[in-house]
Amino acid sequence: MNFILELVVSIFLLIGGGFILVGSIGLMRLPDFMMRLHAPTKATTLGMGGLLIASMILFTLREPGHISVHELLITIFLFITAPVSAHMMAKTALHQKLKMISRTRGQELIDPASQQLAPKQSLEQGNDGVSVKS
Amino acid sequence: MLSFTVIVVSIMVVVALILNLWRLFAGPDLADRLLALDTMYINSIALIILLGIWLGSTLYFEAALLIAMLGFVSTAALCKYLLRGDIIE
Amino acid sequence: MLAKPRFRWLPMPYHSILLFVTWLLLNNTVAPGHLVLGAFLAWGIPMLTSGLSHPQPALHKPIKTLRYALMVLGDIVTANLEVARQVLGPLDQLHPALVALPLDIEGDLPITLLASTVSLTPGTVSSEVSQCRKFLYIHALTMKDEAELIATIKQRYEKPLMEIFSC
């Protein structure tokens, strides 16, 4: 029983740690800011979820009759705040007009997006998959 | 076995923190540094949770929750500062 | 729904339940003393703050909401593996794109929920909403076809949200 508990907790810990590492590798490797934003917001949040589930299982099953679920609070908090902070950072990047790598499609949308306007009618032209050089 | 896993995962999180630190110093723009800082907050929560598992204590939960809240609020405030040049309008 | 409280002494019932559960989770206990204190706080805080609340669209289908949350959770897990593969793989195969998603849902809360879902499910980050609340700008990590991406988001996430809020 104890061995199985440790095995399950270890698996969750390793999954969590792996995703956290992937998030930071993505933060280091990816070429421009908007792409970098993808890795930490998702992989790191999921990794934290894995670690907190491991902690929850361990402290609940370690001694019978003692339930420990308050890690749930951090998990829910992170899952609510991660998209909000990602949205705010993406907004900041758009308003500062950070350079995206040249093969990004739809770069003509940066201008209307940073002014919170609707896209112009040129939307259809970006549809055919031709990359727009910046 | 569990203590060994905790050490391995801690090493992974520390490596992740070092990569974030590199991005914090190297990041070409302010927004990159902001993103690195935000990720470092989350990774330090992970380290605190791992410390709690290592010591077998749930006392560190409050610290982790506080860091989570402070991290979110400071990221939001810094974004607002970069967007408007002002935090409280 | 919240503009005109149904019960005078319990102006925000859902918020009260949420506060009560959060208090118990925060203290990690179901001791009788904390039950009483939590119930008092869950009653007192909404009483003090209900005057500040904005009217929000009502949830019409609680079971569908739960199913939507579970579906999003499953999507987060399965599709994160995909992003991990993309991040660790060769970078020149990634084709990032900025897309304007025309919105059919209305109201601040549904749009916020859709934007959060889009941000959490891998491959896409919502980055801006147009002033007229008609377009959501999305950055995709790698995109094959713009129409396909928009159709997927509309079909998979926007439709259930529209049903939940019935707008």
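Residues numbered from 1 in each chain as written. Chains lettered and ligands numbered in written order. Predicted model: local features only at pLDDT ≥ 70, side-chain atom pairs only at ≥ 80, totals over all residues. Heavy atoms only, no water.

**Description of the overall build of chain C**
Move 1: Along the backbone of chain C there are five helices and three strands.
Move 2: In sequence order, the secondary structure elements of chain C are arranged as α-α-α-β-α-β-β-α.
Move 3: In summary, chain C has a C-alpha radius of gyration of 20 Å against a globular reference of 15 Å for 167 residues, an excess of more than 25%.
Move 4: If one aligns the C-alpha atoms of chain C with their principal axes, the spans along those axes are about 60 × 35 × 25 Å.
Move 5: Across chain C, the fraction of contacts at a sequence separation of at least 24, relative to all contacts at a separation of at least 6, is 67%.
Move 6: Entry remark: accessible area of chain C is about 9,400 Å², with carbon and sulfur atoms responsible for 68%. (Helix = DSSP H or I, 4+ residues; strand = E, 2+ residues; numbered from the N terminus. Rg over C-alpha atoms; globule rule 2.2 N^0.38 Å. Contact = heavy atoms within 4.5 Å. Areas by Shrake-Rupley, 256 points an atom, 1.4 Å probe, with all protein chains shown as cover.)

**Looking at the domain arrangement of chain C**
Move 1: As far as domains go, chain C holds domain 1 (13-52) and domain 2 (62-165).
Move 2: Computed over C-alpha atoms, the centres of domain 1 of chain C and domain 2 of chain C are 33 Å apart. (Domains from an automatic or database assignment.)

**Focus on the packing of helix H2 (residues 33-61) of chain A against helix H3 (residues 62-88) of chain C**
Move 1: Here H2(A) crosses H3(C) at 125°, and the two axes come no closer than 10 Å. Judged by the angle between their axes, H2(A) and H3(C) are oblique. Once H2(A) is placed against H3(C), the crossing between them reads as left-handed. Between H2(A), through Ala39(A), Lys42(A), Ala43(A) and Leu46(A), and H3(C), the contact on the second element is made entirely by Ile76(C), Val77(C), Asn80(C) and Val87(C). (Axes fitted to C-alpha atoms, helices over the stretch in contact; angles between N-to-C directions. Parallel < 35°, antiparallel > 145°, perpendicular 65-115°, else oblique. Left-handed = near helix turned anticlockwise from the far one by under 90°.)

**Points about the sheet that holds strand S1 (residues 97-102) of chain C**
Residue and element names in this part refer to chain C.
Move 1: Read across the open sheet, the three strands follow the order S1-S3-S2; overall the sheet is antiparallel. Edge strands, defined here as strands with exactly one partner in the open sheet, are S1 and strand S2 (124-129). When the angles between neighbouring strand axes are averaged without regard to direction, this sheet yields 30°.
Move 2: Examined bridge by bridge, S1 and strand S3 (residues 135-140) share six bridges and lie antiparallel to one another. Looking at S3, one finds that Pro-102 is bridged to Phe-135.
Move 3: Seen against the sheet, helix H4 (residues 108-120) touches S1, S2 and S3 and runs at an angle of roughly 145° to S2. (Pairing = 2+ DSSP bridges.)

**Concerning the nonpolar core**
General note: in soluble globular proteins, nonpolar side chains tend to be found buried as a group.
Move 1: Counting residues in hydrophobic clusters, the biggest one holds 40 residues, and the most contacted among them are Leu30(A), Leu101(C), Leu114(C), Leu136(C) and Ile153(C).
Move 2: Those elements that provide at least two residues to this core are helix H1 (2-29) and H2 of chain A together with H3, S1, H4, S3 and helix H5 (146-165) of chain C.
Move 3: When residues in this core are grouped by element, the largest group, seven residues, is from H5(C).
Move 4: Discounting residues that sit within four places of it in the chain, Leu101(C) has contacts with Leu114(C), Lys134(C), Phe135(C), Leu136(C), Ile138(C), Ile150(C), Ile153(C) and Lys154(C).
Move 5: Counting 32 residues, the second-largest nonpolar core is a separate cluster that includes Leu5(A), Leu52(A), Leu73(A) and Ile53(B). (Core = buried A, V, L, I, M, F, W, Y, C linked by side-chain atoms within 4.5 Å. Buried < 20%, exposed > 50% of the residue type's maximum accessible area, 1.4 Å probe, protein only.)

**As for the environment of Thr41(A)**
All names here are of chain A.
Move 1: Examined against the element boundaries, Thr-41 turns out to sit in helix H2.
Move 2: Counting along the chain gives 40 residues from Thr-41 to Thr-81, while the straight-line C-alpha distance between them is 9.7 Å.
Move 3: Only 2.8 Å separates the side chain of Thr-41 from the backbone oxygen of Leu-37, close enough to count as a polar contact. (Polar contact = N/O pair within 3.5 Å; in protein donor to acceptor, adjacent residues only side chain to side chain.)

**Quick notes on the interface of chain A and chain C**
Move 1: Chain A puts 44 residues into the contact, and the matching count from chain C is 44 residues.
Move 2: Summed over both partners, the interface of chain A with chain C buries about 4,000 Å², with 66% contributed by carbon and sulfur atoms.
Move 3: Summed over the shared surface of chain A and chain C, the number is one salt bridge.
Move 4: Among the salt bridges present, the one from Glu128(C) reaches Lys91(A), with a minimum N-O distance of 3.5 Å.
Move 5: For the pair chain A and chain C, the number of links is eight residue pairs in polar contact (both at pLDDT 80 or more).
Move 6: Of the residues contributing to the side of chain A that touches chain C, the split by class is 28 nonpolar, 11 polar and five charged. (Buried area = accessible area lost by both parts, 1.4 Å probe. Salt bridge = Lys/Arg side-chain N within 4 Å of Asp/Glu carboxyl O. Nonpolar A, V, L, I, M, F, W, Y, C, P; charged D, E, K, R; others polar.)

**Some thoughts on the interface of chain B and chain A**
Move 1: Across the contact, 46 residues belong to chain B and 44 residues belong to chain A.
Move 2: Taking both partners together, chain B and chain A bury about 4,100 Å²; carbon and sulfur atoms supply 82% of that area.
Move 3: On inspection of chain B and its partner chain A, the count reaches one salt bridge.
Move 4: Of the charged contacts in the structure, one is a salt bridge between Arg36(A) and Asp32(B), with a shortest N-O distance of 2.1 Å.
Move 5: In this assembly, chain B and chain A are joined by seven residue pairs in polar contact (both at pLDDT 80 or more).
Move 6: Listed by contribution, the elements that provide at least two residues to the side of chain B that touches chain A are helix H1 (2-26), helix H2 (30-55) and helix H3 (61-84) of chain B.

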